[in-house]
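# Breakdown of the fold
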Amino acid sequence: MGLKLEGYAGSGTFAHGIHPSDHKALSKDAAIRVMPTPDTVVLSLHQNIGGPCEPLVKSRQAVVWGELIGKGSSFVSSTLHASVPGIVQRPMRVTLANGRHMDTLPIKTQGEVPSDRELWDEIFGGDWPTTGLEAYEPALISRDINDGGLVGLGGAAFPTHVKITPSDKKPIHTLIVNGCECEPYLTSDYRLMLEAPAPIITGALLAGRSVGAKRIVIGVEDNKMPAIEVLRKATDGTGIRIAVVKTKYPQGSEKHLIQAVIKRQVPLGGLPSDVGVAMSNVGTMAAVARAVIHKKPLTHRIISVTGGGIAEPSNVLAPIGVSFGELVDFCGGLRPDAARMVAGGPMMGFAFANPNTPVTKGTSGLTVMTRDEVKAGEETACVRCGKCVDVCPMKLVPTKIAMASRHRDISLSRRYNIMACFECGSCAYTCPARIPLVQLIRAGKALVAAAGRS
Amino acid sequence: MTTEKQLNMQDSQVKPIDETRPTAPVIHVSPSPHLAQSTTSTRRMMVDVLVALVPVVAMSLFVFRGYALFQLAVCLGGSLAAELLFVKMRGRPSTLKDFSAIVTGIILAMSLPGTAPWYVGLIAAFVAVGIGKIIFGGLGMNLFNPAMVGRAFVMISFAGALAASGFEDVRSAVDAVSQATPMNAYKMNGVVAPLAHLFWGTTNGSLGETSALACLLGGLYLIVRRTVSWEIPAGLLLAVLVIGGVADLAGPADGWTVLHHILGGSLLFGAFFIATDPVTSPLTPRGKFIFGLGVGMLIMLLRLFSGYPEGVMFAVLLMNAVTPLINRWAIPVPFGEQ
Ligand code: SF4
Ligand code: SF4
């Protein structure tokens, strides 16, 4: 075993984790479809981890596609752009899929909208240079990324310019581009790698240049061989390597991909930069290329609309701010046995019920699960089998943390490193007693955080 | 998107659900993860144990005939009745569905001699389920292995019926029962049973613990199914091998070897079916291994230095008592701090 990649010490995998069936067959062969511009979009002023942005436009103001409409006030925040041309409406408060209530800027579409073909060409088409990139200054690349409103498109939505920036304090040796897409069902990154590898590679070269990385590697799970072939061809001569890692959940987690590729552990509470790594998702890289080369902001993204509860599972290029309901309609509507809509994948995604909920920059997919799939098993007492321990990729003892949380025992949950849990869901997936471990741990974390503040 | 359509989708949330024939989507929310492994459940684990017990039970029926049937009936009936009764007394919903009472009943029967009188099995079953499990708060809360609690209780109360001689019934038509148990024959008279007899299980002893082959088959099934963790039997056997090996080298060459220790006297039954009870053993792989080592060491200490020829029961109960300590002690180092 191992990566068989010279200079990379990783074994191609990490300890623990789970092997859920991936259900990717539903949408993996569905070529990306461009969604016609909707009548309205609702743009949350809070699209990312970190601070929200301040609106820069007034209601009734006309904006063009890509116009700057919001700007963050702190470093860890991002900018926001109109994803359609039109008229800004009165700000309103909306509940996002993750349950947070956020101020939004709705825009009513008006004026000329590009055709599907034009939109695709505008975003992914044209030439993507792999040479001559020395012309782009590392610091300016980072500035363009900020101006383009880029956040991590893999789901975490961390502002990209905070990661992709030259830093003297923590020198970066390796840029790892994350193409794992380990969540079951989702295929948006896979389709992007297949259909538009060129901007990913240009973006990776630019990002690598910005952080001063000596080498760039794209990590892809081995259940995506066609994408790996395409990337191999496309990276030929660029110096970028492809790390084929084992398919296992949560391989796409930053820390676990770093372990699998370079065999370094990011310390608890630390960041990839602590081990000299910068990491970003493939979709983000394509957006970087566009922001730096064409100075165009992030206004659209690819979303997998999939699951047994959706009539025509698809991969859709859609504007940020479109409602999930419209995505559903575009994909043939819900099947009668649809039972749960999840923003993102089934392991870490957020369930929501209101079809008006808007898509944000971090929305990698909409997974609609069926009644049979979400039928809750009966919860029994913990039989202390230790299966949750055996699968936890952070090597925690989930049952102990969950029970400590249930009994509101903050010091005990701290002793079991509750804050190291990143809520991947592997433990709850595996538990034969069907204990809602993640839910309990989440509650416990809130207690710990509250205790830390007081 | 028309607002009419949106309204429809929301409307559907409040429509009464036709469970049999879904006609419209009904959307519910719930925290992540939204997937669960459908192949695991508490009941499934118990069913696995029952499947694994099949060779053991079959062997006991073959060797002990009516004695085995009788003891199984008594213990199963007893533990099911006890579960029903005690759960009802505590006003809890019935827990028979999780099958754990059945598992306890069978394991208890398999650890008793077929010749024990009916009230011994019955009392053991009531103590196992009532004191061993329900009093602690039911499945998952108990500190001690229920079947072993029951067995220990009758062993102390009815010393005669369960002492070495209790296993024998010289007038019996069933061959095995008319002999002394191999462990006892050795302890008392220095008679060494042939290894092959221990392996196939054609010797006297508690019902389930005589055939090493049957225990191995069931045990391997449990490990392959990952219903029990290999760390416990591995640690246990390792400890027995090492201590037994040293004893072989140091002690009198009387023909009773470390292999006799492993194949005889309920050791394999204990290693695969008793010590592996998840509830009363540690959570982490390292903790499990330590637990197995501890059980194995105690078994050998008891066998070599005490009057109890078999030792598995007390070894397991003692290690059950230190399980919470092991758990606290074997907190794994989280990823990122290694
Ligand atoms: S997997 Fe579930 S039943 Fe097993 S120890 Fe963990 S919480 Fe308990
Ligand atoms: S405890 Fe947290 S990190 Fe570990 S498996 Fe459960 S959700 Fe994942």
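All of these numbers come straight from a predicted model, not from anything done at the bench.

### Considerations on the overall build of chain A
In terms of regular secondary structure, chain A is built from 15 helices and 18 strands. Its C-alpha atoms give chain A a radius of gyration of 21 Å, within 12% of the compact-globule value 22 Å for 454 residues. Buried residues in chain A amount to 60% of all 454 residues. Within chain A, contacts between residues at least 6 apart in sequence are counted, and of these 73% link residues at least 24 apart. Summing over all exposed atoms, chain A offers an accessible surface of approximately 17,100 Å²; the carbon and sulfur share of this is 53%. Of note, chain A has its 50 positive side-chain charges centred 8 Å away from the centre of its 39 negative side-chain charges.

### Regarding the site of ligand 1
The environment of ligand 1 is made up of 14 residues, and the closest members are C382, C385, G386, C388 and C431 of chain A. Around ligand 1, the neighbouring residues derive from chains A and B rather than from a single chain. Considered class by class, the residues forming the shell around ligand 1 number 10 nonpolar, two polar and two charged.

### Considerations on the site of ligand 2
In the vicinity of ligand 2, 13 residues are found, and the nearest of them are C392, C421, C424, G425 and C427 of chain A. Looking at the shell around ligand 2 residue by residue, the classes come out as 10 nonpolar, two polar and one charged.

### Considerations on the nonpolar core
Counting residues in hydrophobic clusters, the biggest one holds 66 residues, and the most contacted among them are L53, I107, M110, L236, F269, F273 and V295 of chain B. Examining the composition of this core, we find that nine residues originate from one element, helix α2 (residues 42-64) of chain B, more than from any other. When near neighbours in sequence (up to four residues on either side) are disregarded, I107 of chain B contacts L53, A147, F269, F273 and I274 of chain B. Among the nonpolar cores identified, the runner-up in size contains 51 residues, and I32, A289, A291 and L298 of chain A belong to it.

### A short note on the domain arrangement of chain A
Residues and elements named next belong to chain A. Along its sequence, chain A is carved into domain 1 (24-30 + 117-293) and domain 2 (387-453). The distance between the C-alpha centroids of domain 1 and domain 2 comes to 31 Å. Contacts between domain 1 and domain 2 engage six residues on the former and seven residues on the latter. Of the roughly 500 Å² buried between domain 1 and domain 2 on both sides combined, carbon and sulfur atoms contribute 71%. Looking at the side of domain 1 facing domain 2, the largest losses of area belong to Y249, H256 and L268, adding up to 67% of the total buried there. Between the two partners, domain 1 and domain 2, sit zero salt bridges. Where domain 1 touches domain 2, the interface holds two residue pairs in polar contact (both at pLDDT 80 or more). For the side of domain 1 that touches domain 2, the class distribution of residues is three nonpolar, two polar and one charged.

### Comments concerning the sheet that holds strand β14 (residues 300-306) of chain A
Residue and element names in this part refer to chain A. Read across the open sheet, the six strands follow the order β1-β15-β14-β18-β16-β17; overall the sheet is mixed. Edge strands, defined here as strands with exactly one partner in the open sheet, are β1 (33-34) and β17 (350-352). Bridge analysis of β1 against strand β15 (residues 314-319) gives two bridges, and the strand direction is parallel. Directly across from V34, in β15, lies its bridge partner L317. The strands that helix α1 (residues 116-124) touches are β1, β14 and β15; relative to β15, the one it contacts most, it runs at about 80 degrees. Its contacts with the sheet place helix α4 (residues 188-195) against β14 and β15, and it is angled at close to 125 degrees to β14.

### Quick notes on the pairing of β15 of chain A
All names here are of chain A. By the criterion of burial, β15 is predominantly enclosed, with six of the six residues buried. Two elements, β14 and β15, share six bridges in a ladder whose sense is antiparallel. The residue of β15 that forms the bridge with R301 is A318.

### Considerations on the sheet that holds strand β5 (residues 68-72) of chain A
Residues and elements named next belong to chain A. The strand order across the open sheet formed by three strands is β3-β5-β6, and the pairing between neighbours is antiparallel. The sheet is open, and its two borders are formed by β3 (53-55) and β6 (80-81), each paired with just one other strand. Here β5 pairs with β6 via two bridges, running antiparallel. Its bridge partner being in β6, L68 is matched across the sheet by H81.

### Considerations on the pattern of salt bridges
Residues and elements named next belong to chain A. For the structure shown, the criterion picks out 20 salt bridges over all chains. In this structure, E195 and R191 form a salt bridge, with 2.9 Å as the shortest nitrogen-oxygen distance. Separated by four residues within a single helix, E195 and R191 lie in helix α4, roughly one turn from each other. E423 is the partner of R442 in a salt bridge, and the nearest nitrogen-oxygen pair spans 2.8 Å. On the criterion of sequence distance, the pair formed by R442 in helix α15 (residues 437-453) and E423 in the loop between α13 (410-415) and α14 (426-430) is long-range, its members being 19 residues apart. Under the relative-accessibility criterion, R442 is labelled partly exposed at 27%. Here the salt bridges share partners, and the residues they tie into one network are R143, D144, D147 and K295.

### Topic: the side chain of Q47 of chain A
Residue and element names in this part refer to chain A. Considering the arrangement of structural elements, one finds Q47 in the loop between β2 (40-44) and β3. A polar contact of 3.2 Å, which involves the side chain of Q47, links it to the backbone oxygen of S44. Within the local environment of Q47, its side chain forms a polar contact with the backbone nitrogen of K361, the two atoms lying 2.7 Å apart. The residues touching Q47, leaving out its near neighbours within four places in the chain, are L80, A157, I320, T360 and K361.

### Digging into the packing of helix α14 (residues 285-305) of chain B against helix α15 (residues 312-329) of chain B
Residues and elements named next belong to chain B. At a closest axis distance of 9 Å, the pairing of α14 and α15 adopts a crossing angle of 150 degrees. When the axis of α14 is compared with that of α15, the two are roughly antiparallel. In this structure, the crossing between α14 and α15 has a hand that is right-handed. Seen from α14, the contacting residues are R286, G287, I290, F291, G294, V295, L298, I299, L302 and R303; seen from α15, they are V312, F314, A315, V316, L318, M319, N320, T323, I326 and W329.

### Looking at the environment of I106 of chain B
Assignment of secondary structure puts I106 of chain B in helix α4 (residues 100-110). For I106 of chain B and D48 of chain B, which are 58 residues apart along the polypeptide, the C-alpha to C-alpha distance reads 13 Å.

Each value, and the rule that gives it
Residues numbered from 1 in each chain as written. Chains lettered and ligands numbered in written order. Predicted model: local features only at pLDDT ≥ 70, side-chain atom pairs only at ≥ 80, totals over all residues. Heavy atoms only, no water. Helix = DSSP H or I, 4+ residues; strand = E, 2+ residues; numbered from the N terminus. Rg over C-alpha atoms; globule rule 2.2 N^0.38 Å. Buried < 20%, exposed > 50% of the residue type's maximum accessible area, 1.4 Å probe, protein only. Contact = heavy atoms within 4.5 Å. Areas by Shrake-Rupley, 256 points an atom, 1.4 Å probe, with all protein chains shown as cover. Lys, Arg positive; Asp, Glu negative; His and termini not counted. Charge placed at Lys NZ, Arg CZ, Asp CG, Glu CD. Near = heavy atom within 4 Å. Nonpolar A, V, L, I, M, F, W, Y, C, P; charged D, E, K, R; others polar. Core = buried A, V, L, I, M, F, W, Y, C linked by side-chain atoms within 4.5 Å. Domains from an automatic or database assignment. Buried area = accessible area lost by both parts, 1.4 Å probe. Salt bridge = Lys/Arg side-chain N within 4 Å of Asp/Glu carboxyl O. Polar contact = N/O pair within 3.5 Å; in protein donor to acceptor, adjacent residues only side chain to side chain. Pairing = 2+ DSSP bridges. Axes fitted to C-alpha atoms, helices over the stretch in contact; angles between N-to-C directions. Parallel < 35°, antiparallel > 145°, perpendicular 65-115°, else oblique. Left-handed = near helix turned anticlockwise from the far one by under 90°.

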